[in-house]
Amino acid sequence: MSKKVLTTPIKDEDLKDIRIGDIIYLTGTLVTCRDVAHRRLIEEKIPLPIDLKGKAIFHAGPIVRDLGNEQYEIVSIGPTTSMRMEKFEKEFIEETGVKLIVGKGGMGKNTEEGCKTHKALHLVFPAGNAVYGATKVEEIKEVHWKDLGMPESLWVCEVKEFGPLIVSIDTEGNNIFEENKIEFNKRKEEQYEYISQQVRFIK
Amino acid sequence: MDKKQQKEKMTGLMSKFVSLVSYKLPDDVEKKLKELSEEEDNHLAKIIYKTMFENQQLAFELKRPSCQDTGVLQFFVKCGENFPLIGQLDNILRESVFKSTKETPLRHNSVETFDEYNTGKNIGNGTPSIFWEIEEDSDKVEIYTYMAGGGCTLPGVATVLMPGEGYEGVVKFVLDRMTSYGLNACPPLLVGVGVGTSVETAALNSKLALMRPVGSRNENENAAKMEQLLEDGINAIGLGPQGLKGSKSVMGVNVVNTARHPSTIGVAVNTGCWSHRRGKITFDRDLNYVIDTHEGVTL
């Protein structure tokens, strides 16, 4: 199987045959964007200082080494829990035209709708693998909103074959985590019935 | 060595220890992850495990934090009443986090509440969190160091059940959390379950449970039985690494329990992610140290 690499700027056609469970890699611009940045754009109506059209965002708060003279180096970078951004993501996709949302764990109905209507993907980078992730970042091109502190600043990264990225929501709005959850919950009920019979310690 | 020099020495060692914990997983966790990956036959899960092992290798070689979320530092201290720096220890631990944050570097993870700004120092009001226990007739100090990342802190939950709900209620409380929040907390998880009289006793027990080694068992027969049942039960759900399905879900389930009021069962759940960065270091009165969790490592 050949390696599927997407390069920014990404167009709708590039994503149409990609389905949940597929693995892809990203080359181009990946911008870290998490809790407060989402809140600023959607609720505080503060415009983002960068154009995200056709690009990718990363729900991530990296460790960055300041080399002085506005030069920075990524030490460790990996995803944070995407679900925290669920509240904002549909509108975020609509307003920015972002094509890939990289994070950790699943997202919900809003993001499914956003991905379906505006042809975008949510992808999972295996979390906790932050040194591996850092080796795929070629350089930090810019940084914005430094007032938010190291984890929340918008770090504009140039990446090469960044991945593996596992597709969790596709452009038809299919959601791998929601599908899995049905099965997980069914098995959980079975386990509860079995275990609860054996822990009746209060008699 | 006078007290000032002792204090400097211990701060330096603890700073290096915190750094070590950021880039090297403890032996019990490494061993368990290897075991789980070998039992895995799901395609995606195998790719994820492969990435994990490559990452840990790189982190150790480059001496960089293996996960970017180096957490809020938590210390569980068991201090002998005669340990010479007993009165200085809080400050030593705080200083060591600040020093390690600059030197490793670690991420700045202290946001002052209500004023809502990141201190930029990785220390703040009440962070690092330090939990104390004093030991009689001892001049040593045992320190568990833990990096409580956001992802694995998020599933944390505590409640008080009625005795009528029984331990069946405890099981339900734990299982429900696994399929709602657990799957996003970077499985395979180490699950800490605390049982006690109230929310705060149960919550502290559940975190202490995460300090216990993977594969250890509660001394109480019933509690040990419940650990095994929950471990097998959560594994049967098949969360897999990253919650993307697999043959297992957890590294283990550890229960820590204390007594309860006749009318209440306090219960809490805490989760440790696969990147369970915990370490235990013991100092004697001359500041010679032993590291139990990471064999063959010197600072």
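Note that the structure is a prediction, hence the values are computed from the model and not measured.

Another aspect to go through is the overall build of chain B. Helix and strand counts for chain B stand at 8 helices and 11 strands. Against the compact-globule benchmark of 19 Å for 299 residues, chain B has a radius of gyration of 19 Å, which places it among compact chains. Per-residue burial over chain B gives 51% buried out of 299 residues. A separation of at least 24 residues holds for 79% of the contacts in chain B among residues at least 6 apart in sequence.

Quite often, the size of an interface is put as the accessible area lost when its parts meet. Residue and element names in this part refer to chain B. Domain annotation of chain B identifies domain 1 (1-149 + 275-299) and domain 2 (152-272). Domain 1 and domain 2 are separated by 23 Å when their C-alpha centres are compared. Listed per partner, the contact involves 20 residues of domain 1 and 20 residues of domain 2. Contributing elements (two or more residues each) for the side of domain 1 that touches domain 2: helix H2 (27-38), helix H3 (43-62) and strand E5 (141-148). Each residue belonging to the side of domain 1 that touches domain 2 can be placed in one class, and the counts come to 10 nonpolar, 4 polar and 6 charged.

Attention now moves to helix H1 (residues 3-23) of chain B. All names here are of chain B. Between the first and last C-alpha of H1 there are 31 Å, a value that for 21 residues agrees with the 30 Å anticipated at 1.5 Å per step. Along H1, the positions that sit buried rather than exposed are Met10, Thr11, Met14, Ser15, Phe17, Val18, Ser19, Leu20, Val21, Ser22 and Tyr23. Buried-residue contacts for H1 involve H3, strand E1 (72-80), helix H4 (89-103), E5 and strand E10 (278-283).

Moving on, we come to the interface of chain A and chain B. On the chain B side, the residues contacting the 48 residues of chain A number 52 residues. At the level of elements, strand E4 (63-68), strand E5 (71-76), helix H5 (130-134), strand E9 (154-169) and helix H6 (176-196) of chain A are the ones that each hand at least two residues to the side of chain A that touches chain B.

Further remarks concern the packing of H6(A) against helix H6 (residues 166-180) of chain B. Between H6(A) and H6(B), whose axes approach to 10 Å, the crossing angle comes to 165 degrees. As far as their axial angle goes, H6(B) and H6(A) are roughly antiparallel. Here H6(A) runs over H6(B); the crossing is right-handed. Along its contact with H6(A), which presents Lys181(A), Phe184(A), Asn185(A), Lys188(A), Gln191(A), Tyr192(A), Ile195(A) and Ser196(A), the element H6(B) presents Glu168(B), Val171(B), Lys172(B), Leu175(B) and Thr179(B). When the residues that make up the contact of H6(A) with H6(B) are grouped by side-chain class, the tally is 5 nonpolar, 4 polar and 4 charged.

Residue and element names in this part refer to chain B. Most of E5 is tucked away, with 7 of its 8 residues classed as buried. Across 8 bridges, the pairing between E1 and E5 is antiparallel. Across the sheet, the residue bridging to Val72 is Ala148, located in E5. By the bridge criterion, 6 bridges tie E5 to E10 in an arrangement that is antiparallel. Residue Thr145 lies in a different strand from E10, and its bridge partner there is Gly279.

The subject of this paragraph is the UniProt feature "domain: Fe-S hydro-lyase tartrate dehydratase beta-type catalytic" (unreviewed entry) in chain A. In the numbering used here, UniProt assigns the feature "domain: Fe-S hydro-lyase tartrate dehydratase beta-type catalytic" (unreviewed entry) to residues 6-179 of chain A. Across residues 6-179 of chain A, the secondary structure splits into 24% helix and 34% strand, with the terminal C-alpha atoms separated by 25 Å.

The subject of this paragraph is the UniProt feature "domain: Fe-S hydro-lyase tartrate dehydratase alpha-type catalytic" (unreviewed entry) in chain B. In the numbering used here, UniProt assigns the "domain: Fe-S hydro-lyase tartrate dehydratase alpha-type catalytic" (unreviewed entry) feature to residues 14-281 of chain B. Here residues 14-281 of chain B is 40% helix and 23% strand, with 9 Å between the C-alpha atoms at its ends.

The next thing to look at is the sheet that holds E1(B). All names here are of chain B. If you walk across this open sheet you meet the 5 strands as E4-E1-E5-E10-E11, and the pairing is mixed. For this open sheet the edge positions go to strand E4 (129-135) and strand E11 (289-291), each flanked by a neighbour on one side alone. Averaged over all pairs of adjacent strands, the angle between strand axes in this sheet comes to 15 degrees, irrespective of strand direction. With 3 bridges joining them, E10 and E11 adopt antiparallel strand pairing. For Thr282, the partnering residue across the bridge sits in E11 and is Val290. Contacts between H1 and the sheet are confined to E1, E5, E10 and E11, with E10 contributing the most and set at about 155 degrees to the helix.

Residue and element names in this part refer to chain B. In terms of burial, strand E9 (residues 265-272) is a largely internal element, 8 of the 8 residues being buried. Because side chains alternate across E9, one face comprises the buried residues Ile265, Val267, Val269 and Thr271, and the other comprises Gly266, Ala268, Asn270 and Gly272, equally buried. Relative to E9, strand E6 (residues 157-161) runs antiparallel, the two being bridged by 5 bridges. The residue of E9 that forms the bridge with Val157 is Val269.

Turning next to H4(B). All names here are of chain B. Counted at 1.5 Å a residue, the expected span for H4 with its 15 residues is 21 Å, and the 21 Å between its end C-alpha atoms agrees. Listed as buried for H4 are Leu89, Ile92, Leu93, Arg94, Ser96, Val97, Ser100 and Thr101. Among the structural elements, H1, E1, E4 and E5 are those in contact with the buried residues of H4.

This brings us to the environment of Arg187(A). If you trace the backbone, Arg187(A) turns up in helix H6. Owing to 18 C-beta atoms within 10 Å, Arg187(A) belongs among the partly exposed residues under this scheme. In contact with Arg187(A), other than residues within four places in its own chain, are Ala236(B), Ile237(B) and Gly238(B).

All names here are of chain B. With respect to topology, 4 strands assemble into an open sheet ordered E6-E9-E7-E8, the strand pairing being mixed. Looking at the sheet topology across the chains shown, the edges are occupied by E6 and strand E8 (250-257). The average undirected angle you get between the axes of adjacent strands in this sheet is 15 degrees. Against the sheet, H6 makes contact with E6, strand E7 (189-196) and E9, and its axis sits at roughly 30 degrees relative to E9, the strand it touches most.

Conventions used here
- Residues numbered from 1 in each chain as written.
- Chains lettered and ligands numbered in written order.
- Predicted model: local features only at pLDDT ≥ 70, side-chain atom pairs only at ≥ 80, totals over all residues.
- Helix = DSSP H or I, 4+ residues; strand = E, 2+ residues; numbered from the N terminus.
- Rg over C-alpha atoms; globule rule 2.2 N^0.38 Å.
- Buried ≥ 20, exposed ≤ 12 C-beta atoms within 10 Å, placed from the backbone.
- Contact = placed C-beta atoms within 7 Å.
- Domains from an automatic or database assignment.
- Nonpolar A, V, L, I, M, F, W, Y, C, P; charged D, E, K, R; others polar.
- Expected span 1.5 Å × (residues − 1).
- Axes fitted to C-alpha atoms, helices over the stretch in contact; angles between N-to-C directions.
- Parallel < 35°, antiparallel > 145°, perpendicular 65-115°, else oblique.
- Left-handed = near helix turned anticlockwise from the far one by under 90°.
- Pairing = 2+ DSSP bridges.
- UniProt positions renumbered as here; feature names shortened; annotations may be inferred.

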